[in-house]
Amino acid sequence: MSAFFNLFDYTVFVIYLVILMGMGFYLKKKASGSLEDYFLGGRNMPWWVMGFSGMASYLSLAGSMVIVSFLYYMGPQGLYIAFRGGACLVLVVMMVWSGKWHRRSGCITGAEFLKFRFGSDGASQLSRVSAAVVGFISTIGLLSLIAKGLGVFLSMFLPYSPITCSLFFVTIVTIYTIFSGFYGVVVTDVIQMILIIIGVIFICIMAVNKLTLFGGEFETIVYKITNNPEWFSSLPSLKASMPSGYETYQYVVLLAAFALLNNVIFGTPAGADPKQLACRTDKDCSKMTIMWAITLVVRWPLMIAFVVLGMFLVNNMFANLDQFSQIAVLIKTHLPEVNNVNWTDAVSGISLHPENYAELVSLLQSLLGDNWQECIIMLDYYGNINSEAIIPAVMKYMIPPGMRGIIMIALIAASMSSFDSAVNATAGLFTRDIYQNLIRPKAEIKELILSSYVFIVVLVTLGFLMAFTVRNINDIWGWIVMSLGTGMVVPSTLRYFWWRFNAWGFNAGLLFGAFAAVFQRALYPEMDVKIAYIIIFVATLFFSVVTTLMTKPTASDVLENYYLKVRPFGLWRPFKNRLTESSLRCSGSEHKRDLWALPFSLIAHVTLMLSSMQIILRLWYSFAVTFGIFVLCVIILYFVWYRHLDKMDYAMDFQES
């Protein structure tokens, strides 16, 4: 361990942990004033601060390791696979309409929003509880993703297993999140964002310097490693060459189109993020999300810079990549109990404790030489380079001591920011929608916050236990987004766009979708994510609509209150026809601006991410075209949408009957 870190690295590391823990205890009193203080920061935090916090919360280490996997094999085209989640296209929908719709409700949680939409009867109560429970399941999956990535990353540096490494940092982030609530989440996220920016600048400079010195060799190295002649292209391929374990992602255009549509659908319920609910005005809500999206773009030059450095590293470490499949077979032969799930722990154990595997180690040394320990950690179950290990490998072998601690903390900070945001939001669901709503309606604030403390410990424990039952990070990412997410999003979206949709339809769709996703995960984990998505989507839509039509509509007074405050578009004709002329005109203008803004916002978001990678790779012609499209979209957005944001502050009224 001492070979990889010097005194400066350790000092920075200790200071970072002390600041996090100190911030948690410092903000404890401020966060304990009320539930709004604990879960939404009292709704008085500046929009730009929450935008910075959002950037840090979405830039997870585990998600970044998955993105690097696709960029490693596909080049800039890997962005299109990341449309499924890592590109965060949902931010565009949150920016133009879903964020302000949720903010207008005045609710503290997304599940409480259901009471606002469906009323207070038994079906509505069930929908509120169901949404909270499904939220718990979703967060457990997300926490397992973060914990898995953190463990894989840290075990490359420390003489401990991935489980041990993950447990240490999960414990730290849990403690400060418990005590400081939303205040601590936002403040520590801003601190961690600064660290992330420092890391981005340093890694990008390293990659650019490498390309400046060896640029002529880079194209040859890329083709040698990936066998992908279209690696430098920014246009999506009809069919890309992918390694074993990633074959399902070879149809890039189809997947990108599929995921793009899915993001538009997912984006509407995504507006229930606490940072959206905590904004003071509609305009602040949109500006906060713009800041969130723009600052999040730093992920892409960082990821492609890691890929560039990873290419040079792999080329230097391995003279013969073909022998990797032979080594994988060798390990499986000597350790027949090894499978996809425990592969990472197995090779880590061989590397850390070679004395327990004398015969196997002797064979590995004869094939790989003295650096066999470093080599097998870079090997995946299928006998390929473990592309999910590119980030930790670059950190370990290419970052000099002195900067290694800062970069490592920046990457850990990315995971911690995602972790604390998810934990805080889900604790709100339990405390507000389960404990206060059903168990102790008259509980005082101290008791409510104490209940959130206990729940957070249980939630994090379950997420941690799940983390080490998955094959790899990409495995759990795909399930969260494509299976579990689908079961949640269909009923969660219908409630905004169809007046007739009621609480019973919501309950049927949500519970069936969650059950189907868990059933698929337990019994058919190998099912193609696209097939699982289609089956769950269609079945959930069917159950939602049929159940709605078989039951009574939501009370008219509840729907009137919801429609006048939220002002959604969609199938709301019975209520739209009753609006006054001025209300109808204002509402119609707002809806048209929002719908026109969507395609230009999506294009601007994607081209900004692409152009940031093209700069690092020095693809100047592609950059000129891509950035030109971005500028054009921004100009159109300003005139069509942004300059009208102040006009959103109006009240709607019905005609007198």
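For the structure, check the block above.
In short, a report on the structure. (Residues numbered from 1 in each chain as written. Predicted model: local features only at pLDDT ≥ 70, side-chain atom pairs only at ≥ 80, totals over all residues. Heavy atoms only, no water.)

1. Describing the overall build of the protein chain
- Secondary structure assignment for the protein chain yields 28 helices and 0 strands.
- For 657 residues, the compact-globule estimate of 2.2 N^0.38 gives 26 Å, and the protein chain sits close to it at 25 Å.
- Seen through its principal axes, the protein chain has C-alpha atoms that stretch 90 × 55 × 45 Å.
- On the protein chain, roughly 25100 Å² of surface is accessible, and the fraction owed to carbon and sulfur atoms is 66%.
- Positive and negative charge centroids in the protein chain, built from 44 and 38 side chains respectively, lie 9 Å apart. (Helix = DSSP H or I, 4+ residues; strand = E, 2+ residues; numbered from the N terminus. Rg over C-alpha atoms; globule rule 2.2 N^0.38 Å. Areas by Shrake-Rupley, 256 points an atom, 1.4 Å probe, with all protein chains shown as cover. Lys, Arg positive; Asp, Glu negative; His and termini not counted. Charge placed at Lys NZ, Arg CZ, Asp CG, Glu CD.)

2. Thoughts on unusual backbone geometry
- With a phi close to 55 degrees, C88 is a non-glycine residue in the positive phi region.
- On the secondary structure map, C88 appears in the loop between helix 6 (78-81) and helix 7 (90-105).
- Of note in this structure, N227 is not a glycine but carries a positive phi near 55 degrees.
- In this structure, N227 sits in the loop between helix 10 (162-226) and helix 11 (252-270).
- According to the relative accessible area criterion, N227 is partly exposed, its value standing at 48%. (Buried < 20%, exposed > 50% of the residue type's maximum accessible area, 1.4 Å probe, protein only.)

3. Brief notes about the packing of helix 4 (residues 47-58) against helix 13 (residues 282-296)
- Between helix 4 and helix 13, whose axes approach to 8 Å, the crossing angle comes to 40 degrees. In terms of orientation, helix 4 and helix 13 fall into the oblique class. Note on packing geometry: the crossing formed by helix 4 with helix 13 is right-handed. On helix 13, the residues touching W47, W48, M50, G51, F52, G54, M55, S57 and Y58 of helix 4 are D284, K287, M288, M291, W292, T295 and L296.
- Its residues assigned to classes, the contact of helix 4 with helix 13 shows 10 nonpolar, 4 polar and 2 charged. (Axes fitted to C-alpha atoms, helices over the stretch in contact; angles between N-to-C directions. Parallel < 35°, antiparallel > 145°, perpendicular 65-115°, else oblique. Left-handed = near helix turned anticlockwise from the far one by under 90°. Contact = heavy atoms within 4.5 Å. Nonpolar A, V, L, I, M, F, W, Y, C, P; charged D, E, K, R; others polar.)

4. Quick notes on the packing of aromatic side chains
- For the structure on display, the rule yields 38 aromatic pairs.
- Over the ring of Y381 we find K332; its NZ or CZ atom is 3.9 Å from the centre of that ring.
- Positioned above the aromatic ring of Y650 is the side chain of R567, whose terminal nitrogen or guanidinium carbon lies 4.0 Å from the ring centre. (Phe/Tyr/Trp six-rings, centres within 6.5 Å; stacked < 30°, edge-to-face > 60°. Lys NZ or Arg CZ within 6 Å of the ring centre and 35° of its normal.)

5. Some details on helix 13
- Over its 15 residues, helix 13 extends 21 Å from the first C-alpha to the last, a length consistent with the 21 Å expected when each residue adds 1.5 Å.
- Within helix 13, 11 of the 15 residues are buried, leaving the element largely enclosed by the surrounding structure.
- Of the surrounding secondary structure, the elements contacted by the buried residues of helix 13 are helix 4, helix 7, helix 12 (274-277), helix 14 (299-317) and helix 27 (581-617). (Expected span 1.5 Å × (residues − 1).)

6. Side note on the environment of A393
- Mapped onto the elements, A393 comes out in helix 19 (residues 390-398).
- Judged by its relative accessible area of 0%, A393 falls in the buried class.
- Here the alpha-carbon distance between A393 and V631, two residues 238 residues apart in the chain, equals 36 Å.

7. Comments concerning the packing of helix 19 against helix 20 (residues 404-439)
- Between helix 19 and helix 20, whose axes approach to 10 Å, the crossing angle comes to 165 degrees. Considering the angle they form, helix 19 stands roughly antiparallel to helix 20. Where helix 19 crosses over helix 20, the two elements pack in a sense that is left-handed. Together, I391, M395 and K396 of helix 19 and R404, I407, M408 and L411 of helix 20 make up the contact between the two elements.
- Of the residues belonging to the contact of helix 19 with helix 20, the class tally is 5 nonpolar, no polar and 2 charged.

8. What to know about the environment of L360
- Along the chain, L360 falls in helix 17 (residues 358-368).
- Sequence-wise, L360 and D380 are 20 residues apart; in three dimensions their C-alpha atoms are separated by 17 Å.
- For L360, the contacting residues outside a window of four places in its chain are L330, I331, H334, L335 and I350.

9. Some words on the state of the cysteines
- For the coordinates displayed, the defined rule picks out 0 disulfides.
- Its sulfur unpaired, C88 is 16 Å from the next cysteine sulfur, which belongs to C285.
- Residue C586 stays outside any disulfide, its sulfur separated by 20 Å from that of C285, the closest cysteine.
- Look at C586 and you get partly exposed, because its relative accessible area is 31%. (Disulfide = S-S within 2.5 Å.)

10. Overview of helix 20
- Helix length check: helix 20, at 36 residues, gives a terminal C-alpha distance of 49 Å against a target of 52 Å (1.5 Å per residue), a fit within 8%.
- Along helix 20, the sharpest kink reaches roughly 25 degrees, centred on T431.
- Burial of helix 20 is extensive: 33 of the 36 residues sit out of reach of the surface. (Bend = angle between axes of the 7 residues up to and from the residue.)

11. Some remarks on the nonpolar core
- Of all hydrophobic cores here, the largest spans 217 residues; its most connected members are F153 and F306.
- In terms of residues, this core owes the most to one element, helix 10, which gives 22 residues. (Core = buried A, V, L, I, M, F, W, Y, C linked by side-chain atoms within 4.5 Å.)

12. A few points about the pattern of salt bridges
- For the structure shown, the criterion picks out 14 salt bridges.
- Put simply, K283 and D646 hold a salt bridge, and the shortest N to O gap is 3.0 Å. Taken as a pair, K283 in helix 13 and D646 in the segment after helix 28 (620-640) lie far apart in primary sequence, 363 residues in all.
- A relative accessible area of 54% means that D646 is categorised as exposed.
- Connected via shared salt-bridge partners are K100, R103, R104, D282, R567, E590 and D594. (Salt bridge = Lys/Arg side-chain N within 4 Å of Asp/Glu carboxyl O.)

13. So, the side chain of E112
- If you trace the backbone, E112 turns up in helix 8 (residues 112-118).
- At a separation of 3.1 Å, a polar atom in the side chain of E112 contacts the side chain of R432.
- When near neighbours in sequence (up to four residues on either side) are disregarded, E112 contacts C107, R128, R432 and D433. (Polar contact = N/O pair within 3.5 Å; in protein donor to acceptor, adjacent residues only side chain to side chain.)

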